[in-house]
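# Secondary and tertiary structure notes
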Amino acid sequence: MYEPKTPAIPPQWSEPYTSALATSHANHRPRYRTCAHFMTPIESQQWYLDLWASLETDAKVVGEITPAYAFLKEADVDFLAKNYGDLKVLFILRDPATRALSSYFQWNGKGADITLESLMEYVRSPPCRARCEYLRTIDVWQRRFGDRLRLVFFEDLLANKQRFLAEILEFLEVEPMPSLEFPYGNRKTQSSAKSYLPELRAFYQDDVRALAERIELPPAWMDAYSLQHTDCDQSA
């Protein structure tokens, strides 16, 4: 069984992003603010309800950011739908091959040694598999939230940060913020590790093809997995 050397989602990793975004929102529109309280394990459903109920803010929109929502059990998503009926959900999808490669170094440390054997052992581990089951995540959340679930792509963020943010703000019904700067900085993956991308994409080929039959994927995905738009039935 794969045993990571460090926790998957250390709380400190979320702070630069959430703090910077909160500051940018506060400077431009004081009533719009983002918060991230829940990087610790959820103790109970009541604990979760109390956290939001105790939030003292006049913000029009509040939210939380964590990938952990992507692999919640269906009963937990039912709980959210029951208690937060007007919730809007953003699901950011990333090419599973580059996501897995990045995650490998998050689990093991940026300077960790990597071999194809160790990488594929990680990729097949339950934690990594759960984070790449995009169709399962879409189905679970879409059944509860319908068009209040918005799918966006990490690659679109890299291509045009301002347009990416503008689309999200429109979805959230928040006024445009021309001066808002997205604090995300591109993290560089070890050059030697990128040589394993062909093997990773072969591993995820069937998953991505199945996803392409359901939703429109970015050109970068289609090219990376050698898919043609004619291969995909977008009517699903």
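Residues take numbers from 1 onward in each chain, read along the sequence in its written order. Reporting of local features is limited, given that this is a predicted model, to residues whose pLDDT is at least 70; pairs of side-chain atoms are given and counted only at 80 or more, and all residues count toward the totals for whole chains, interfaces and linings. Note: side-chain values were computed over all heavy atoms of the structure, leaving out hydrogens and water.

## Points about helix 2 (residues 45-53)
We count it as follows: Exposure is judged per residue with a 1.4 Å probe applied to protein chains only, and the accessible area is read against the type maximum: over 50% gives exposed, under 20% gives buried, and values in between give partly exposed. A run of DSSP states H or I qualifies as a helix once it reaches four residues; a run of E qualifies as a strand once it reaches two. Both are numbered from the N-terminal end. Working definition: the arc comes from the directions between the helix axis and the C-beta atoms, pointing outward to the latter. By the convention used here, residues are in contact when the closest approach between their heavy atoms is within 4.5 Å.
For helix 2, every residue scored as buried is listed here: Trp-47, Tyr-48 and Trp-52. Taken end-on, helix 2 shows its buried residues confined to a sector of 130 degrees, consistent with a single buried face. For helix 2, the secondary structure elements touched by its buried residues are helix 3 (74-83).

## Looking at the packing of helix 3 against helix 7 (residues 134-145)
This is how it is decided: Here an axis means a line fitted to C-alpha atoms, over the contact stretch when the element is a helix, while the angle between two N-to-C directions is reported on a 0 to 180 degree scale. When an angle is under 35 degrees it counts as roughly parallel; over 145 it counts as roughly antiparallel; between 65 and 115 it counts as roughly perpendicular; any other value is oblique. Less than a right angle of anticlockwise turn of the near helix away from the far helix marks a crossing as left-handed, whereas a clockwise turn marks it as right-handed. The nonpolar class holds Ala, Val, Leu, Ile, Met, Phe, Trp, Tyr, Cys and Pro. Asp, Glu, Lys and Arg form the charged class, and all remaining residues, Gly among them, are polar.
It is the contact of helix 3 with helix 7, at a shortest axis distance of 10 Å, that shows an interaxial angle of 30 degrees. Here helix 7 runs roughly parallel to helix 3, going by the angle between their axes. Seen along the crossing, helix 3 lies across helix 7 with a hand that is right-handed. Seen from helix 3, the contacting residues are Glu-74, Val-77, Asp-78, Leu-80 and Ala-81; seen from helix 7, they are Arg-136, Val-140, Trp-141, Arg-143, Arg-144 and Phe-145. For the contact of helix 3 with helix 7, the per-class residue count stands at 6 nonpolar, no polar and 5 charged.

## Observations regarding the packing of helix 4 (residues 96-108) against helix 11 (residues 197-212)
For any two helices packed against each other, the geometry is given by the interaxial angle and the distance between the axes. Here helix 4 crosses helix 11 at 125 degrees, and the two axes come no closer than 8 Å. Between helix 4 and helix 11, the crossing angle belongs to the class labelled oblique. Relative to helix 11, helix 4 is oriented so that their crossing is right-handed. For the pair formed by helix 4 and helix 11, the contact residues are Pro-96, Ala-97, Thr-98, Ala-100 and Leu-101 on the first element and Leu-197, Leu-200, Arg-201, Tyr-204 and Val-208 on the second. When grouped by side-chain class, the residues that make up the contact of helix 4 with helix 11 number 8 nonpolar, 1 polar and 1 charged.

## Brief notes about the pattern of salt bridges
This is how it is decided: We define a salt bridge as a contact between a side-chain nitrogen of Lys or Arg and a carboxyl oxygen of Asp or Glu at a distance within 4 Å.
If you walk through the whole model with that rule in mind, you get 7 salt bridges. Its salt-bridge partner being Arg-144, residue Glu-74 comes within 2.9 Å of it at the nearest N-O pair. Of this pair, Glu-74 sits in helix 3 while Arg-144 sits in helix 7, placing them 70 residues apart in sequence. We classify Glu-74 as partly exposed; its relative accessible area is 35%. Notably, a salt bridge pairs Arg-214 with Asp-139, separated by 2.8 Å at the nearest N-O pair. Highlighted residues: Arg-214 in the loop between helix 11 and helix 12 (219-224) and Asp-139 in helix 7, separated in sequence by 75 residues. Among the residues examined, Arg-214 registers a relative accessible area of 28% and is labelled partly exposed. Residue Asp-139 is classed as partly exposed on the basis of its relative accessible area of 26%. Each member of the salt-bridge network shares a partner with another, and the members are Glu-74, Asp-78, Arg-143 and Arg-144.

## Considering the packing of aromatic side chains
What characterises a pair of aromatic rings is the spacing of the ring centres plus the angle enclosed by the ring planes. Under the convention used in this document: Put simply, two rings from Phe, Tyr or Trp (the six-membered ring, in Trp's case) pair if the centres are within 6.5 Å, and we call them stacked under 30 degrees between planes, edge-to-face over 60, tilted for the rest. The rule for a charge over a ring is simple: NZ of Lys or CZ of Arg within 6 Å of the ring centre, and within 35 degrees of the ring normal.
The final tally for this structure, using the stated rule, is 10 aromatic pairs. When the ring of Tyr-69 is compared with that of Trp-141, the centres are 6.2 Å apart and the planes differ by 80 degrees; the resulting orientation is edge-to-face. One end of the pair, Tyr-69, is in the loop between helix 2 and helix 3; the other, Trp-141, is in helix 7, with 72 residues separating them in the sequence. Here Tyr-69 and Trp-141 have matching classes, each one buried. For the pair Phe-203 and Tyr-204, a centre-to-centre distance of 5.0 Å together with 90 degrees between the ring planes defines the contact as edge-to-face. One aromatic cluster is present, formed by Phe-91, Tyr-134, Phe-153 and Trp-221 through successive ring pairs. Between the NZ or CZ atom of Lys-88 and the centre of the ring of Phe-171, over which it lies, the distance is 5.0 Å.

## Observations concerning the confidence of the model for the chain
What counts is decided by this rule: Within a predicted model, pLDDT stands for the predictor's per-residue confidence, ranging from 0 to 100.
Per-residue pLDDT for the chain averages 77, and the proportion of residues at 70 or more is 72%. For residues 1-40, every residue scores under 50 in pLDDT, and the model assigns this stretch 91 contacts once sequence neighbours within four places are set aside.

## Brief notes about the nonpolar core
We apply this condition: Throughout, nonpolar core names a set of buried Ala, Val, Leu, Ile, Met, Phe, Trp, Tyr and Cys residues whose side chains join them through atoms within 4.5 Å.
Leu-80, Leu-93, Trp-141, Tyr-204 and Leu-217 are the most contacted members of the largest nonpolar core, which totals 48 residues. The contacts of Leu-80, once residues within four sequence positions are left out, are Tyr-48, Tyr-69, Leu-72, Gly-85, Trp-141 and Phe-145.

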